[in-house]
Amino acid sequence: MAFLQQPSTVDLQQVTQIIDQLSQEQKLWLSGYLAAAAQHVAPVSSTQTTTEKQTHQLLSILYGSQTGNSAALAEQLYEQCQAQNIAAELLSLADVTTKQLKNKTHIALIISTHGEGEAPDDAEIFYEQIFSKRAPDLKHMQYSVLALGDSSYELFCHTGKALDERFHALGAQRIIDRMDCDVDYSEPATEWQALLLPEVEQALTKSSNITALPSLNTQQATVKSHDRNSPYHAEVLQTQKITADESDKVVYHLELGIDENAISYHAGDSIGIWAHNDASLVTEIIGLLQANGEDSYQFKNQSHSLNVLLTEKLELTQISKPFLQFAAEQLNDAQLKTISSDHEEFIAFVQNKQLIDLLHTYPALSQLPVQTLIDQWRGLTPRLYSIASSSAEFPDEIHLTVALEKKANHHGLASGLLCDRIQEGDEVAIYVDHNKNFKLPEDSDTDVIMIGPGTGIAPFRAFIQERQAQRANGKNWLFFGNPHFSSDFLYQTEWQRYQKQGLLNRIDLAWSRDQAEKVYVQDRLLERSTEVWQWIEQGAVIYVCGDANHMAKDVESVLIQIISEQGGMNTTTATDHLKTLKRNKKYLKDVY
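Residues numbered from 1 in each chain as written. Predicted model: local features only at pLDDT ≥ 70, side-chain atom pairs only at ≥ 80, totals over all residues. Heavy atoms only, no water.

### Overview of the overall build of the protein chain
The secondary structure content of the protein chain amounts to 22 helices and 21 strands. Per-residue burial for the protein chain yields a buried fraction of 49% across its 592 residues. Look at the contacts in the protein chain between residues 6 or more apart in sequence, and 77% of them connect residues 24 or more apart. Of the accessible surface of the protein chain, which amounts to about 28,200 Å², a share of 46% is contributed by carbon and sulfur atoms. (Helix = DSSP H or I, 4+ residues; strand = E, 2+ residues; numbered from the N terminus. Buried < 20%, exposed > 50% of the residue type's maximum accessible area, 1.4 Å probe, protein only. Contact = heavy atoms within 4.5 Å. Areas by Shrake-Rupley, 256 points an atom, 1.4 Å probe, with all protein chains shown as cover.)

The following block contains the structure:
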């Protein structure tokens, strides 16, 4: 048997030089590849026992992510495994089939629930497979689930709960119990990881044949890592309203200045915005509570002044279902109990309300001890926005398309900051949320169909800039919709210029309020059925961005109808065909 030799100094220098040239994302991929490959360094002889064959194992960190939170947590877990010398691999469920589970002995599954109890887009096919009759036996496997969700939805953490039960039903054994996380997930996720890793480390036997690479000198790194917990402070270069005064919507175009050596992004990515609550809102709440803003209170085992808590730590612009249920019990209010126990009534009730509206409507809440209220309020979370620029054209800028959200007399958290309170020259805390599942095709000759009404247009502005920089030969077709042509045609002159240049080959527009009958992007798709089917047959990639609850579902229904009618299939076969497009990354969504 041949034994591994200690690499020479020259070898290590060459490896280090190569690694230094990689991006953070590439380093993560490479380390996972090497960890997996290391399991096969020493070939297993026919005389080895079953126990010996099982010593070469690793932790498979699988994630399904709609907005990037699960992916970010999975990457953090993977990095911690590397730091503790635990062999691990990192995989999106978009790249995993249930057949591959037969070769995985230990799994950490991190998955969010999307919409009304649905699996995130990148996990949809895996989810369907694991619940099919052909799902594999998993008696050889140990696993644990970290489930992300929003308790304001009726089916809280449904996807994670369902997968946990399904894995167990297929014979897999839990390493530790599932942890369910609400939108403020940092603490329970950290607790889950702290419980999981010692158990995994004990279960896995490390191979003595693995020769570790030398540690990189982090002081020599050219790119500083900025993430959710360590945001980058970007300068606001420009804010410009891009809807007319008579529009029912208020939409702004923003340009943020960045150092391309400190933060990088790709077309299709999003950024997270860490925003503070409006000072006037904080003052009003302190007044209602009849409290002193300088008095200290506890939040997440730390002491802060009430001013700091309400400004920087607590969610004030949304009402959570758990808090409404708490309020109903405290006030013994029958109506609130009914509203908080019925999901549809809850959604209707909170749609145009913020926390302060609840305090005004039910003043008895303000009489509760301040610490009691703080204990029931959610922590502040970042808001995600699709990036509306390509780094190929704007390497030192990030552009955003932001609709100013309004609830009663108040603005949304981040939209209020970006569109109303912030000034050019100010700074805003951001981080890039990389979306590997919403990228342009590697082959620039591939045609693309982009469907993005409203601010869903943002990533497609980035796409078209990227295609121009690539000198792509593939055709580009845009479907865009909004209420009115005269007031709501976002980036009108740019799209017209791209069309004139021949870069934008087709554009179909849907103005829902410019005629008696409402017209939406899905209606335009149906009108162009023959051409859409031809593009699909020729290998075009379809992208959808925007509202998940209505638009995206309507678009998907129309696509199934087009495939059925134009392809001569029944509805079931057409639905399967669309699933195949998803599986082959020919149908991609970025919806919210």
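### A closer look at the side chain of Ser247
Position of Ser247 among the secondary structure elements: in the loop between strand S7 (232–241) and strand S8 (251–257). Ser247 gets classed as buried once you look at its relative accessible area, which sits at 10%. From its side chain, Ser247 meets the backbone nitrogen of Lys249 in a polar contact 2.9 Å long. Those residues in contact with Ser247, other than ones at most four positions away along the chain, are Ser487 and Asp488. (Polar contact = N/O pair within 3.5 Å; in protein donor to acceptor, adjacent residues only side chain to side chain.)

### Some remarks on the pairing of strand S20 (residues 541–546)
The buried fraction of S20 is high, at 6 of 6 residues. Sheet analysis places strand S17 (residues 448–451) next to S20, joined by 4 bridges and oriented parallel. Across the sheet, the residue bridging to Met450 is Tyr543, located in S20. The sheet contact formed by S20 and strand S21 (residues 587–591) spans 5 bridges and is parallel. Bridging across to S21, Cys545 finds its partner in Asp590. (Pairing = 2+ DSSP bridges.)

### Some points on the sheet that holds S17
What the 5 strands build is an open sheet, ordered S19-S18-S17-S20-S21; its pairing is parallel. Of all strands in the sheet, those with a lone pairing partner are strand S19 (506–511) and S21, marking the two edges. Direction aside, neighbouring strands of the sheet carry axes that sit 10° apart on average. In the packing of helix H20 (residues 529–537) onto the sheet, contacts are made with S17, strand S18 (476–482), S19 and S20, and the angle to S18 comes to roughly 135°. (Axes fitted to C-alpha atoms, helices over the stretch in contact; angles between N-to-C directions.)

### A word on the pattern of salt bridges
One pass over the structure, following the stated rule, counts 23 salt bridges. Between Glu89 and Lys104 there is a salt bridge, with its nearest N and O atoms 2.8 Å apart. Taken together, the positions of Glu89 in strand S2 (residues 88–92) and Lys104 in the loop between S2 and strand S3 (106–112) put the pair 15 residues apart, joining distant regions of the chain. Of the residues examined, Lys104 reaches a relative accessible area of 11% and is grouped as buried. Measuring nitrogen to oxygen at the nearest pair gives 2.9 Å for the salt bridge that ties Glu315 to Arg383. Within this pair, whereas Glu315 is found in the loop between helix H9 (306–313) and helix H10 (321–331), its partner Arg383 is found in strand S12 (residues 383–386), the two being separated by 68 residues in sequence. (Salt bridge = Lys/Arg side-chain N within 4 Å of Asp/Glu carboxyl O.)

### Describing the packing of aromatic side chains
Summed over the entire model, instances satisfying the criterion amount to 17 aromatic pairs. Summarising the aromatic geometry, the rings of Phe463 and Tyr543 are spaced 5.0 Å apart at their centres and angled 75° between planes, so their arrangement reads as edge-to-face. Of the two residues, Phe463 sits in helix H16 (residues 458–470) while Tyr543 sits in strand S20, which places them 80 residues apart along the sequence. When its relative accessible area of 0% is taken as the criterion, Phe463 is described as buried. Taken together, Phe438, Phe460, Phe463 and Tyr543 form an aromatic cluster joined through their ring pairs. (Phe/Tyr/Trp six-rings, centres within 6.5 Å; stacked < 30°, edge-to-face > 60°.)

### Describing empty space enclosed by the protein
If you walk through the whole model with that rule in mind, you get 1 cavity of 30 Å³ or more. Empty space within the largest cavity amounts to approximately 50 Å³. If you trace the largest cavity, you find it lined by Glu315, Gln318, Ile319, Ser320, Phe323, Leu355, Trp377 and Arg378. (1 Å grid on protein atoms, 1.4 Å probe; cavity = no way out; pocket = protein on both sides within 12 Å on 5 of 7 lines; lining within 4 Å. Points joined across faces, edges and corners; volume = space filled by probe spheres on them.)

### Some thoughts on the packing of helix H21 (residues 551–567) against helix H22 (residues 571–583)
Their axes nearest at 8 Å, the elements H21 and H22 cross at an angle of 115°. Compared by their axis directions, H21 and H22 come out roughly perpendicular. Where H21 crosses over H22, the handedness of that crossing is right-handed. In this structure, H21 uses Glu556, Leu559, Ile560, Ile563 and Ser564 to contact H22, whose residues at the interface are Thr571, Ala574, Thr575, His577, Leu578, Leu581 and Lys582. Residues that form the contact of H21 with H22 fall into these classes: 6 nonpolar, 4 polar and 2 charged. (Parallel < 35°, antiparallel > 145°, perpendicular 65-115°, else oblique. Left-handed = near helix turned anticlockwise from the far one by under 90°. Nonpolar A, V, L, I, M, F, W, Y, C, P; charged D, E, K, R; others polar.)

### As for the sheet that holds strand S16 (residues 427–433)
Pairing within the open sheet is antiparallel, and its 6 strands lie in the order S12-S9-S16-S7-S8-S13. Only two strands of the sheet have a single partner each, and these edge strands are S12 and strand S13 (397–403). Recorded for the sheet is a direction-independent mean angle of 40° between the axes of neighbouring strands. The sheet contact formed by S7 and S16 spans 4 bridges and is antiparallel. Bridged to Ala234 within S16 is Val428.

### Here we look at H22
Helix length check: H22, at 13 residues, gives a terminal C-alpha distance of 18 Å against a target of 18 Å (1.5 Å per residue), a fit within 8%. Looking only at H22, the buried set comprises Ala574, Leu578, Leu581 and Lys582. Looking down the long axis of H22, one finds its buried residues gathered within 105° of arc, a one-sided arrangement. Check the buried side of H22 and you find it contacts helix H5 (124–130), H20, H21 and S21. (Expected span 1.5 Å × (residues − 1). Arc of directions from axis to C-beta.)

Bear in mind that shape data such as this cannot, by itself, settle questions of function.
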